[in-house]
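Here is how the chains run, residue by residue.
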Amino acid sequence: MAQISISRAILPLLAMLATPVAAETGGRPPALQTPAADEVATGLDRSLRMTVPVMINGQGPFDFVVDTGADRTVISEELAKQLNLPQSGTATLHAMGGSAKVKLVSIKTVQVSTNIAKRVEAAALPRRNVGADGLLGIDSLKNQRIVMNFQSNTMRVEPASVPEEAVPEDSDLIIVTAKTRLGQLVMVDADANGQKIWVVVDTGAQNSIANTRLRALLVKRVPETEIKSISMVDVLGRTTPAEYTIVSKLRIGGVSMGNAAIAFADAHPFRLFGLTRKPSMLLGVESLRSFRRVSVDFATRKVKFLLPEEG
């Protein structure tokens, strides 16, 4: 398993851009075509989150962060202006530090490889807060399966109805069935240092973020836990005070990860998901990289973790 050192964990946490979570609007959801499975190479943004090349209205490609923690796609104001995207009203956008009314722009097509989402109403925010050309939310990947291969640094986007790629017989595959809260998949078969937790897979966050309820329980279990103060900036440009520590053991399903960097904050998503009183965590990319492959299937509510090869 990948081990995260303290020095490696601090810098991403200080620069981390917390992702939007949900946007309330009366608009209809985008319609999706269901092409055959396809795979695209991924890149990394400045916070080491996974980015993929995205075509907007046939133009591009542009670098978008793949964000399973956001139900709405976000585009930078600068790119929206460059593409002359028409404004289409406002919506309430929920981010790490709270919520705010934001401007929406209308996009005819959002394309990742051969996967195309139509009639997407995206929030337009300053690029300095987004950290990339945009964030690809689950509204652009609805009824799809996302397969992130950290070994080959590729992402597969495929209809959930298509059988998933088989794994070698000698491979270790952990399958976790999740619950649904506001469109997000919440896993309950997990614990941190022996404390049971609720987990949301959030590929839009570089590091994992836990609520203050979990912090209190962890400190109670291990009083000598070293916790340091930091701050986080979200896509709305708001700063949220936080603390971080290194959890010696984080378990998801039947597999354990050592030395996981976790930030603690009284963050808005936990209130939004109704998880304030439950010890909970948004599982970021750094923790996901402990696996060879991770697939998130929103249709079947299953998250699959393929363990690294031994040796």
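Note that the structure is predicted; figures quoted are calculated from it, not measured. (Residues numbered from 1 in each chain as written. Predicted model: local features only at pLDDT ≥ 70, side-chain atom pairs only at ≥ 80, totals over all residues. Heavy atoms only, no water.)

**Things to note about the overall build of the protein chain**
- Summing up its helical and strand segments, the protein chain has 6 helices and 27 strands in all.
- Per-residue burial for the protein chain yields a buried fraction of 55% across its 311 residues.
- For the protein chain, the proportion of contacts with a sequence separation of at least 24, taken over those separated by at least 6, is 68%.
- On the protein chain, roughly 12800 Å² of surface is accessible, and the fraction owed to carbon and sulfur atoms is 49%. (Helix = DSSP H or I, 4+ residues; strand = E, 2+ residues; numbered from the N terminus. Buried < 20%, exposed > 50% of the residue type's maximum accessible area, 1.4 Å probe, protein only. Contact = heavy atoms within 4.5 Å. Areas by Shrake-Rupley, 256 points an atom, 1.4 Å probe, with all protein chains shown as cover.)

**Describing the nonpolar core**
- Ranked by internal contacts, the top residues of the largest apolar core, which has 60 residues, are Ile56, Ile75, Met187, Val294 and Phe305.
- Of the residues forming this core, the biggest block, 5 residues, is contributed by strand β24 (residues 255-264).
- Beyond its immediate chain neighbours, meaning those up to four positions away, methionine 187 contacts Val176, Ala178, Ile197, Trp198, Val199, Val201, Ile252, Val303 and Phe305.
- If you look at the next biggest cluster of nonpolar residues, it comprises 16 residues, including Trp198, Tyr244, Phe270 and Leu282. (Core = buried A, V, L, I, M, F, W, Y, C linked by side-chain atoms within 4.5 Å.)

**Observations concerning the confidence of the model for the protein chain**
- A residue-level look at the protein chain finds 81% of positions with pLDDT of 70 or above and a mean pLDDT of 77.
- Of all the helices and strands in the protein chain, helix α1 (residues 6-15) carries the lowest mean pLDDT, 32, while helix α2 (residues 77-82) carries the highest, 96.
- Below a pLDDT of 50 lies the segment residues 21-37, which in the model reaches 57 contacts outside its immediate sequence neighbourhood of four places, other chains included. (pLDDT = per-residue confidence, 0-100.)

**Considerations on the pattern of salt bridges**
- A complete count under the given rule lists 5 salt bridges for this structure.
- For aspartate 133, the salt bridge identified is with arginine 127, shortest N-O distance 3.4 Å.
- Given the relative accessible area of 35%, arginine 127 is considered partly exposed.
- Here arginine 145 makes a salt bridge to aspartate 297, at a shortest N to O gap of 3.1 Å. Of this pair, arginine 145 sits in strand β13 (residues 144-149) while aspartate 297 sits in strand β26 (residues 293-297), and the two are 152 residues apart along the sequence.
- Residue arginine 145 is classed as buried on the basis of its relative accessible area, which comes to 5%. (Salt bridge = Lys/Arg side-chain N within 4 Å of Asp/Glu carboxyl O.)

**Description of the packing of aromatic side chains**
- Inspection of the entire model under this criterion finds 1 aromatic pair.
- Look at phenylalanine 291 and phenylalanine 305: their rings are 4.7 Å apart centre to centre, the planes differ by 45 degrees, and that puts the pair in the tilted class. Here phenylalanine 305 lies in strand β27 (residues 302-306) and phenylalanine 291 lies in the loop between α6 (285-288) and β26, a separation of 14 residues in the sequence. As far as burial versus exposure is concerned, phenylalanine 291 and phenylalanine 305 are alike and both buried. (Phe/Tyr/Trp six-rings, centres within 6.5 Å; stacked < 30°, edge-to-face > 60°.)

**Quick word on helix α4 (residues 212-221)**
- For α4, the full list of buried residues reads Leu214, Leu217 and Leu218. Seen along its axis, α4 keeps its buried residues to an arc of 100 degrees; they face one direction.
- Lining the buried residues of α4 we find β18 (190-192), β19 (195-196), β21 (208-210), β23 (239-252), β24 and β25 (280-283). (Arc of directions from axis to C-beta.)

**Overview of the environment of methionine 96**
- Relative to the elements of secondary structure, methionine 96 occurs in the loop between β9 (87-95) and β10 (98-112).
- C-alpha separation for the pair methionine 96 and glycine 237, spaced 141 residues apart in sequence, amounts to 9.9 Å.

**Remarks on unusual backbone geometry**
- Between glycine 60 and proline 61 the backbone carries a cis peptide bond, its omega angle lying at 10 degrees.
- With respect to the helices, strands and loops of the structure, proline 61 is situated in strand β7 (residues 59-66).
- Despite not being glycine, arginine 119 shows a phi value in the positive range, around 55 degrees.
- Even without being a glycine, arginine 301 presents a positive backbone phi close to 60 degrees.
- Summarising the element assignment, arginine 301 is placed in the loop between β26 and β27.
- Judged by its relative accessible area of 34%, arginine 301 is partly exposed.

**With respect to the pairing of β9**
- Here β9 runs beside β10; their pairing, made up of 7 bridges, is antiparallel. Across the sheet, leucine 93 pairs through a bridge with alanine 100, a residue of β10.
- Hairpin remark: β9 followed by β10, antiparallel, with 2 residues in the connecting loop. (Pairing = 2+ DSSP bridges.)

**Regarding the pairing of strand β6 (residues 50-56)**
- With 5 of 7 residues buried, β6 is to be regarded as a mostly interior element.
- In this sheet, β7 lies alongside β6 in antiparallel orientation, the contact comprising 5 bridges. The residue bridging isoleucine 56 from the neighbouring strand is glutamine 59, located in β7.
- Pairing of β6 with β10, which is carried by 2 bridges, proceeds in the antiparallel orientation. Looking across to β10, one finds that methionine 55 is bridged to glutamine 111.

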